[in-house]
Structures are given as C-alpha cells and as structure tokens.
Amino acid sequence: MLPEIRDHARLSAEFRWRLPRRFSIAEAICDRWATREPDRTALLLKRPGAALEPVSYGALRAASQALAAALAKRGLRRGDRAAVLLPQGAEVVTAHVALSRLGVVVAPLALAFGPDGIAYRLGDCDARAIVTNAEGLARLRAMAAQPPGLEIVVSVDGGDGAALDYAGLIAEGGAVEDEALTPDDPALMIYTSGTAGAPKGALHGGRVLLGHLPGLRMTHEFFPQPGDRAWTPADWAWAGGLLNLLMPALHYGVAVVAQPATKFDPEAAFALMAEAGVRNAFLPPTALRLMAGVPNPERFGAKLRSAVAAGERLGEATFHWAREALGVTVNEVYGQTECNYVLSSAAGLGVSKPGFIGKPTPGHVVGLFDDDGRPCGPDEPGEICVRRPDPILFLGYWNRPEATAEKFRGDWWRTGDQAVMDHEGYVRFVGRDDDVITTSGYRVGPGEIEDCLSRHPAVALAAAVGKPDALRTEIVRAFVQLRPGFAPSEALAGDISRFVRERLSAHEYPREVTFVDELPLTTSGKVIRRQLRDRA
Ligand code: ATP
Ligand code: MG
C-alpha cells in the first residue's frame, strides 16, 4: 500500500488506503508465507542456555489448523472471545492463527497480571476459552470466582482434570476451512494499559493490522530489508508488542525472536540482541532508559538497523543515548490501544527531531484542537485527535457504546492527550489530560520535567506529578528512582531540584523530590502517575 515515494510530504499527500474485500489475521501472518515458502523461518525461540530454535511458517500453519479443528469440535464458534495468556513463544502465534481461522475474537493477556487482573478481563469480555500454561492455570485457580463463561481451558504444559492438553489437541490432527472474514470483522480485543483507571477492552477489526503496515515500513527504515530480524522485550499481549512488532514482522516474512521473560533485564536485552542477530527492535522508552544504565554496552556487540520506541515519551536524553550506544536513530511513535501508530518519526525520510514524537504517519489524519473544538495554530497546545475513517481506529470499547461515542467529536477521535505542533509540523507530546500539572497559572506537562530529570547523573527513572498547593494550585513533585551507587539524601534532593530549575524555568522545577526504590509501572512499562498522585 505504501507507494515507493521517498518524500514524506508527498507520501502523506498521495497515500490512499486500499483494503481487500477479504482479510484475516491467519492469512496475513501465516498462510501467505506457508503457502509459498513453508520452510521459511517465522520465529526464533530463545530458551536459556540453548541455541536459537527456528519455527517455520509451515509448522505454524499445521499446528494452528489442528488446534482450530480441536477447538471447533469442542464448540468454539465465530464471534466468541478467547484469551491467550502466554509468554512469548510459538504457542502464542499458533493460538492467534487458530482462533482467527474460526473467526474468534482474541483477547491477548499478560502473565504479569495477577489473578484479579486476569479475572477482570476474562469476565469483562465474557471469554469462552483460554489458551495458557501452568502459570496461567495457577492464576485461574487463585481467582475468588471462576469467570462464569469460561468453558474451554487449554494448557501448553499438559492437561489435567480442568484443562485440555494443547499438544494432545494438535495431535488430533484435524483441519478446518477458514471463516470468510472482512477487514471490519472483529478480530482482537486488546485491553488498554489501565494507566487512568480500569482497563477498557478495545475491539479491533483485522484491519488494524493493515493499518500498521505502512507506518511500520517507514519507522523501520523501509522494512523489510534482506537480513532483517525483529525483536521486542514488550509482552506480545500489549498492543505495542503485538501490533508494533510481532504481527507486522510475520506479515512481511521477517523472523521474530521470541524470548519468554517476566521482568525486563537491560543487560540480558543487549546480550540477546547480539546473540540472536536482532536488526529491528521495538523498545519501550522505559526499557531504553533502563538500558542506558548499563555500562559499556558496546561490549555486547548488538547491531541494530532500525529501532522504534512508543508508549511513553522517548525524550531527548534517551534519544541521544540510543544514537551513541545503539548506533541507530530511534524513531518515536505515538498511539493508543484504540488508535495506534498515528504519529511517528522516520529518520530515513528525514523526519526526526529530538524531543518531538514526529509527524502524522502517512495514511492518518491527525489534528490538534482546543477545548472548544477549534483547530490549534502552530505552537498552540491542544488535544491530539484522529479523523475517521481510519483502519487503525478501533471498532469501539467492548460493551461500552456510550464510552465510545463520548470520545468522538464528529468524525474526530479524541485521544485525551495534549500536544503542540510546531511550524514544521512536528508534534511534541505535553501529557495526558489527567497528568497535566497546573502550577502558578501555567499548564505544564510532566514530560519535559521528566526528560530534564533523567539527564541528572544520579537519576535512573523519574516521574513528575502535581501536588495540591494552596498558593500555586499545584506544585511539581518529582518521584525519582536512583541509579545504582547513589543513595537518597536531602542534599541530593536539593541538587536534583536545582538541576531542573537551572535548565527549565522557575515554575517548572520540582519543589519536592521523593526517592522511591521502584516507580509503579504498568506491564507495558508506563509510569502510573495516578498512583504517585495519590501518595500523601
Ligand atoms: P488507559 O487508557 O487504560 O488509561 P493507557 O492510555 O496508558 O491506559 P495505552 O493505550 O497502552 O493505555 O497507552 C496509550 C497512551 O500512551 C497514549 O494515550 C499516551 O498517553 C501514551 N503514549 C503513547 N505513545 C506515546 C509517546 N510517543 N509519547 C508520549 N506518550 C505516549
Ligand atoms: Mg488510554
């Protein structure tokens, strides 16, 4: 769909979506290659102490056919919801493809969630089936009450009284005829990160994958190129891991490195990228900031060709660090579970400016509007809005038509994020509506303060929030996680506070600095500022 034009402005002007009449995720991430080149490598599995183990598209097709047949035999039907609760691995892709064949809506879930978080999501979308492992089964057993609609439980670690054995189902060796799906048919139910409250189920048509492809090609520097190999430490259950990397890479026939991991380990990330020959990485900014704390990263020998970051502000400090340490210009991307990849940098097309997300991704119409719905001029802050129709835009919140309708103004989807666009069309992120700090008559986004804080040599991660104040409405309060080798002290707090004051302005510096062992993060690595605001 992306015309071979290497000029960003012309690409934006001339881009037209051409969606096929029929579309399924099974075809898009598996069968198109399995038919032509069944032996082509789709995944490279990395287990501790073992060599990389390739999994071919042909193997994924055969396994997913059999799993689909076995699930259909047990009553799973088009339109049902099924959860996939597994770490990165071949079973995740097999389950997605199998469920897509049946026209079942897949709700990807992360093992980082506790029993309550999983129960909430399973109950909310009334999932009828789940494909999980022993760890997931333990979560199910720990639930106060089993989700009533959950009838089919499959475990990749073997069956028992309550669960069917995944390998056994595949060994039944059945096959199905795929449901005929259109790009608009519901395919994925992805829960938002829950940064602002209870996570919401965002229902997407299969078209969401098509919507990602042009942006992915640009942000990964004309993806795919010979020798490309993709990896993300992000959970494949998060929109970022699933749609910013896994599915598009499989679509383009680029092998994806899979490593089951529960907690992000920055040294292990460098080591894996080197060992597995990763060339294209999707790295959340929090991951990059933690990697920046690793001394002499060159010693690992990682060689990236392209890197994309999204989910949080990348920030200038991390941008420059990555250029030095990873040797690539990180292309920042902005989006939401509901409407992803709509703003982006594309260094290969000359679109890159430290401290700015980038420009509207060709194919997406993005505008900034003030509180009264008037379009903002250059440098005027406003809400990021995205115009429909857009294949990347979700179908709606599951079972919440009013909540969905509330977030549109006419044909504009309102993201609830504040930004400014400069005279060149570059967008700078200011903050989520609920994170903007009002102090001494100014509206300040936490991003700039956090970016400045992270340039202080003692700071590993930082978050800025508003703290109610009688005189100034709010004051800026910073929460700081220190780098190894630094200890909290009043002197250090004063130094950090002064550091920001000297670099930003007299109203934007933290009057209070609180040290924490660990900042509260969502499973996708976002700082949960709401929890920090609530701390006395
Ligand atoms: P919830 O909607 O449940 O409160 P959430 O908004 O954090 O959670 P996601 O959909 O995962 O859930 O995250 C989207 C949000 O992440 C965006 O609305 C924006 O606030 C933030 N975000 C994404 N990309 C960027 C970026 N490049 N820079 C700054 N913020 C970003
Ligand atoms: Mg949100």
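Residue positions are given per chain, counted from 1 along the sequence in the order it is written. Labels follow written order: the first chain is A, the first ligand is 1, and so on. With the structure being a predicted model, the display of local features is reserved for residues of pLDDT at least 70 and the display and counting of side-chain atom pairs for 80 or more, all residues being used for whole-chain, interface and lining totals. The side-chain values count all of the structure's non-hydrogen atoms but skip hydrogen atoms and water molecules.

Digging into the site of ligand 1
Logical step 1: Nearness of a residue to a molecule or strand requires only that one of the residue's heavy atoms be within 4 Å of it. With respect to spatial proximity, 20 residues lie near ligand 1, and among them Thr192, Ser193, Thr195, Thr337 and Asp417 are the closest.
Logical step 2: Polar contact is defined as a pair of N or O atoms within 3.5 Å, subject to the rule that within protein one atom must be able to donate a hydrogen and the other to accept it, and that residues adjacent in sequence are counted only when both atoms are side-chain atoms. Within the side chain of Ser193, an N or O atom sits 2.6 Å from an oxygen atom of ligand 1.
Logical step 3: Take Trp238: an N or O atom from its side chain is 3.5 Å from an oxygen atom of ligand 1.
Logical step 4: Methods summary: accessible areas were calculated by the Shrake-Rupley approach with a probe of 1.4 Å, and residue burial reflects only the protein chains presented. A total of 640 Å² of accessible area belongs to ligand 1 in isolation, and the protein chains cover 95% of it.
Logical step 5: Listing elements by their share of the shell around ligand 1, those giving two or more residues are β14 (330-334) and β22 (427-432).
Logical step 6: Note on conventions: DSSP H or I runs of at least 4 residues are helices, E runs of at least 2 residues are strands, and numbering of each starts at the N terminus. Among the elements that line the shell around ligand 1, the one with the most residues is β14, at three residues.
Logical step 7: For this classification, Asp, Glu, Lys and Arg are treated as charged, while Ala, Val, Leu, Ile, Met, Phe, Trp, Tyr, Cys and Pro are nonpolar and the rest, including Gly, are polar. Residue composition of the shell around ligand 1, by class: five nonpolar, eight polar and seven charged.
Logical step 8: Just so you know, the domain bounds were taken from an automatic or database domain assignment. Looking at which domains feed residues into the shell around ligand 1, each of domain 1 (1-20 + 206-389 + 401-434) and domain 2 (24-35 + 55-205) gives three or more.

Let's talk about the packing of helix α2 (residues 25-36) against helix α9 (residues 239-251)
Logical step 1: Angles here are taken between N-to-C directions and fall from 0 to 180 degrees, while the axes themselves are lines fitted to C-alpha atoms, restricted in helices to the stretch in contact. Across the interface, α2 lies against α9 with an axial gap of 8 Å and an inter-helix angle of 45°. With respect to their mutual orientation, α2 and α9 come out oblique. Packed against α2, whose contacting residues are Ile25, Ala28, Ile29, Arg32 and Trp33, the element α9 presents Met247, Leu250 and His251 at the interface.
Logical step 2: Each residue belonging to the contact of α2 with α9 can be placed in one class, and the counts come to six nonpolar, one polar and one charged. Angular relationships are summarised with four words: roughly parallel below 35 degrees, roughly antiparallel beyond 145, roughly perpendicular across 65 to 115, and oblique for the angles in between. By definition, residues are in contact when any of their heavy atoms lie within 4.5 Å.

Describing the packing of helix α14 (residues 446-453) against helix α15 (residues 490-503)
Logical step 1: The geometry of α14 relative to α15 is characterised by a closest axis approach of 9 Å and an angle of 115° between their N-to-C directions. Crossing of α14 over α15 shows right-handed handedness. Where α14 approaches α15, its residues Ile449, Cys452 and Leu453 are matched on the opposing element by Ile496, Phe499, Val500 and Arg503.
Logical step 2: Split into classes, the residues belonging to the contact of α14 with α15 amount to six nonpolar, no polar and one charged. By definition, any crossing whose near helix is turned counterclockwise from its far helix by less than a right angle is left-handed, and any crossing with a clockwise turn is right-handed.

Remarks on helix α4 (residues 90-102)
Logical step 1: An expected span of 1.5 Å times one less than the residue number is assigned to each helix. Here α4 contains 13 residues, and its C-alpha end-to-end distance of 19 Å stays within 8% of the 18 Å for a straight helix at 1.5 Å per residue.
Logical step 2: Think of it in three bands: residues with accessible area under 20% of the maximum for their type are buried, residues over 50% are exposed, and the middle band is partly exposed, with areas taken using a 1.4 Å probe on protein chains only. Where burial is concerned, most of α4 is hidden: twelve out of the 13 residues are buried.
Logical step 3: Buried residues of α4: Ala90, Val92, Val93, Thr94, Ala95, His96, Val97, Ala98, Leu99, Ser100, Arg101 and Leu102, and no others.
Logical step 4: Gly103 lies just past α4 and shows a positive phi near 75°.

What about the packing of aromatic side chains?
Logical step 1: Classification of ring pairs uses Phe, Tyr and Trp, with its six-membered ring standing for Trp, and accepts pairs whose centres are within 6.5 Å; under 30 degrees between planes counts as stacked, over 60 as edge-to-face, and the remaining range as tilted. Counted under the stated rule, the structure contains 13 aromatic pairs.
Logical step 2: Relative to Tyr57, the ring of Trp33 has its centre 6.2 Å away and its plane inclined at 40°; by these criteria the two rings are tilted. Of this pair, Trp33 sits in helix α2 while Tyr57 is found in helix α3 (residues 57-73), placing the two residues 24 residues apart along the sequence.
Logical step 3: Accessibility expressed as a relative area gives 10% for Trp33, which makes it buried.

Remarks on the domain arrangement of the protein chain
Logical step 1: Examined at the domain level, the protein chain breaks down into domain 1 (1-20 + 206-389 + 401-434), domain 2 (24-35 + 55-205) and domain 3 (437-535).
Logical step 2: Of note, the centres of domain 1 and domain 2, computed from C-alpha atoms alone, are 26 Å apart.
Logical step 3: Contact with domain 1, which involves 33 residues of that partner, is made by 31 residues of domain 2.
Logical step 4: Buried area counts how much accessible surface, traced with a 1.4 Å probe, disappears from two parts once they are put together, with both parts' losses summed. Carbon and sulfur atoms supply 63% of the area that domain 1 and domain 2 bury against each other, a total of about 2500 Å² over both sides.
Logical step 5: It is Trp236, Leu250 and Thr337 that lose the most area in domain 1 upon contact with domain 2, and together they represent 21% of the buried surface on that side.
Logical step 6: Any Lys or Arg side-chain nitrogen found within 4 Å of a carboxyl oxygen on Asp or Glu counts as a salt bridge. For the interface between domain 1 and domain 2, the tally reads one salt bridge.

Focus: the UniProt feature "domain: AMP-binding enzyme C-terminal" (unreviewed entry) in the protein chain
Logical step 1: Per the UniProt record, the feature "domain: AMP-binding enzyme C-terminal" (unreviewed entry) sits at residues 448-526.
Logical step 2: Here residues 448-526 is 25% helix and 32% strand, with 16 Å between the C-alpha atoms at its ends. UniProt positions are given in the numbering used here, feature names are shortened, and annotations may be inferred rather than shown by experiment.

Let's talk about the pairing of strand β5 (residues 129-132)
Logical step 1: Across the two faces of β5 the burial is the same, with Ala129 and Val131 and Ile130 and Thr132 all buried.
Logical step 2: Here strand β3 (residues 81-85) pairs with β5 via four bridges, running parallel. Each residue of the ladder has a partner; that of Val84, found in β5, is Val131.
Logical step 3: Strands pair, by our definition, only if DSSP identifies at least two bridges between them. Direction of pairing for β5 relative to strand β6 (residues 152-155): parallel, over a ladder of four bridges. Each bridged residue has a counterpart across the sheet, and for Val131 the counterpart in β6 is Val154.
Logical step 4: Seen with its strands pointing away from the viewer, a crossover is right-handed if its path from the first strand over the helix to the second goes clockwise. For the crossover from β5 across helix α6 (residues 134-142) to β6, the handedness is right-handed.

Points about unusual backbone geometry
Excluding glycine, most residues fall at negative phi; most peptide bonds, likewise, are trans.
Logical step 1: A cis amide bond, omega -5°, links Phe223 with the succeeding residue Pro224.
Logical step 2: The linkage connecting Arg388 with the following residue, Pro389, adopts the cis geometry, with an omega of 0°.
Logical step 3: Inspection of the secondary structure assignment puts Pro389 in the loop between β18 (382-387) and β19 (396-397).
Logical step 4: You will see that Phe222, though not glycine, has its phi angle at about 60°, which is positive.
Logical step 5: Along the chain, Phe222 falls in the loop between α8 (207-219) and β10 (229-231).
Logical step 6: Accessibility expressed as a relative area gives 16% for Phe222, which makes it buried.
Logical step 7: Residue Asn296 is not a glycine yet carries a positive backbone phi of 40°.
Logical step 8: In this fold, Asn296 is placed in the loop between α11 (285-291) and β13 (306-310).

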